[in-house]
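Structural features, examined
Here is what each chain is made of, one letter per residue.
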Amino acid sequence: EEGKPSNDREGKKNTRRLVMEARVAAGVPADEESGLLPRARPPPAAAGRGRTPSSSSSAAAQRRAPPPAVWATVDGPLGMPLEEAEGHARRFFLWGFACLPFLWAINCCYFWPVLRSPAASSPPAFAPIRPYVVRSAVGFTIFAAVLLTWATTFIVGGERLFGPVWKDLVMYNVADKLGLTGFMG
């Protein structure tokens, strides 16, 4: 009795998997809302050599597993639909200019599959998303370089580099300047 539910469950899981594989192999996304992209099927090897496939080779071709699916977001099937992906990538990119450059880093991390795939061989659905993600990567790289340079200048240079102006630039004495430390003792 206990084995039967697990067998039914496994059977349903296998059936769902086989249906999804068949749909992906046919070029139809497994779930239109999940953002699954089918890969283009390579041409049959036998057709290029002028041979006609025999019944045994066509049966073997039908039994081959379909190529793995491609996802636009790093969280794969749990991610957003492709229709929403472009809007999110654009919003992250534009809000990065509003003094929130870490949104550029989030954009790059979330759409890592788009950023990682070469432009020439990436799926066509990545095309509208790619410019925002690449520009986010460039923007965050520039921001990080400026921030690192600024921080290094203050850490290494300090009072020796800035002279008497240093006391006006540093933030740790703002409370003393404003008289906010009188209550502390």
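As the structure is a computational prediction, the values presented were derived from the model and not from experiment.

A separate point is the state of the cysteines. Tallied over the entire structure, the rule returns zero disulfides. Free cysteine: cysteine 108, not disulfide-bonded; nearest cysteine sulfur from cysteine 109 at 6.8 Å. For cysteine 109, a relative accessible area of 54% puts it in the exposed group.

The UniProt feature table records "transmembrane region" (unreviewed entry) at residues 92–113 and 133–157. Summarising residues 92–113: 68% helix, 0% strand, and an end-to-end C-alpha distance of 16 Å. The annotated region residues 133–157 carries 100% helix and 0% strand content, and the separation between its end C-alpha atoms amounts to 35 Å.

Now for a nonpolar patch on the surface. On the surface, a nonpolar cluster with roughly 330 Å² of combined accessible area is contributed by Val134, Val138, Ile142 and Val146. As for its position among the elements, valine 134 is in helix 7 (residues 130–162). On the basis of relative accessible area, valine 134 is assigned to the partly exposed category, the value being 34%.

This next bit is on the packing of helix 5 (residues 102–110) against helix 7. Between helix 5 and helix 7, the least distance of the axes is 8 Å, while the angle of their chain directions is 135°. Looking at the two axes, helix 5 sits oblique to helix 7. When the axes of helix 5 and helix 7 are compared, the crossing they make is left-handed. Contacts from Phe102, Trp104, Ala105, Asn107 and Cys108 of helix 5 reach helix 7 at Tyr132, Val133, Ser136, Ala137, Gly139, Phe140 and Phe143. Class assignment for the residues of the contact of helix 5 with helix 7 results in nine nonpolar, three polar and no charged.

On to the packing of aromatic side chains. By the definition in use, this model includes 11 aromatic pairs. Ring centres of phenylalanine 102 and phenylalanine 143 lie 5.4 Å apart, and the angle between their planes is 85°; on these two criteria the pair is classed as edge-to-face. Taken together, the positions of phenylalanine 102 in helix 5 and phenylalanine 143 in helix 7 put the pair 41 residues apart, joining distant regions of the chain. Residue classification places phenylalanine 143 among the partly exposed positions, given a relative accessible area of 23%. For the pair phenylalanine 154 and tryptophan 166, a centre-to-centre distance of 5.5 Å together with 40° between the ring planes defines the contact as tilted. Within this pair, whereas phenylalanine 154 is found in helix 7, its partner tryptophan 166 is found in helix 8 (residues 166–169), the two being separated by 12 residues in sequence. Overall, tryptophan 166 belongs to the buried group, its relative accessible area being 12%. Following the ring pairs from residue to residue traces out a cluster consisting of Phe93, Phe97, Trp104 and Tyr132.

Glancing now at the nonpolar core. Grouped together as the largest cluster of nonpolar side chains are 14 residues, with contacts concentrated most on Ala72, Ala89, Phe111, Val114, Ile129 and Val133. Counting residues per element, the ones that place at least two in this core are helix 4 (82–95), helix 5 and helix 7. Ranked by residue count, the leading element in this core is helix 4, at four residues. Sequence-distant contacts of isoleucine 129, defined by excluding residues within four places in its chain, comprise Ala72, Leu82, Ala85, Glu86, Ala89, Phe111 and Val114.

So, about helix 4. A rise of 1.5 Å per residue sets the reference length of helix 4, with its 14 residues, at 20 Å; its end C-alpha atoms lie 20 Å apart and thus fit the reference within 8%. Along helix 4, the residues that are buried comprise Leu82, Ala85, Gly87, Ala89 and Phe93.

Further remarks concern the environment of serine 117. Turning to its location among the elements, serine 117 is positioned in the loop between helix 6 (112–116) and helix 7. Considering only alpha carbons, one finds serine 117 and arginine 130, 13 residues apart in sequence, at a separation of 9.6 Å. If we skip the residues at most four places from it in the chain, serine 117 touches Ser122, Phe126 and Arg130.

Rules used in this analysis
- Residues numbered from 1 in each chain as written.
- Predicted model: local features only at pLDDT ≥ 70, side-chain atom pairs only at ≥ 80, totals over all residues.
- Heavy atoms only, no water.
- Disulfide = S-S within 2.5 Å.
- Buried < 20%, exposed > 50% of the residue type's maximum accessible area, 1.4 Å probe, protein only.
- UniProt positions renumbered as here; feature names shortened; annotations may be inferred.
- Helix = DSSP H or I, 4+ residues; strand = E, 2+ residues; numbered from the N terminus.
- Patch = residues over 30% accessible without salt bridge, like charges linked within 9 Å, V, L, I, M, F, W, Y side chains within 5 Å.
- Areas by Shrake-Rupley, 256 points an atom, 1.4 Å probe, with all protein chains shown as cover.
- Salt bridge = Lys/Arg side-chain N within 4 Å of Asp/Glu carboxyl O.
- Axes fitted to C-alpha atoms, helices over the stretch in contact; angles between N-to-C directions.
- Parallel < 35°, antiparallel > 145°, perpendicular 65-115°, else oblique.
- Left-handed = near helix turned anticlockwise from the far one by under 90°.
- Contact = heavy atoms within 4.5 Å.
- Nonpolar A, V, L, I, M, F, W, Y, C, P; charged D, E, K, R; others polar.
- Phe/Tyr/Trp six-rings, centres within 6.5 Å; stacked < 30°, edge-to-face > 60°.
- Core = buried A, V, L, I, M, F, W, Y, C linked by side-chain atoms within 4.5 Å.
- Expected span 1.5 Å × (residues − 1).

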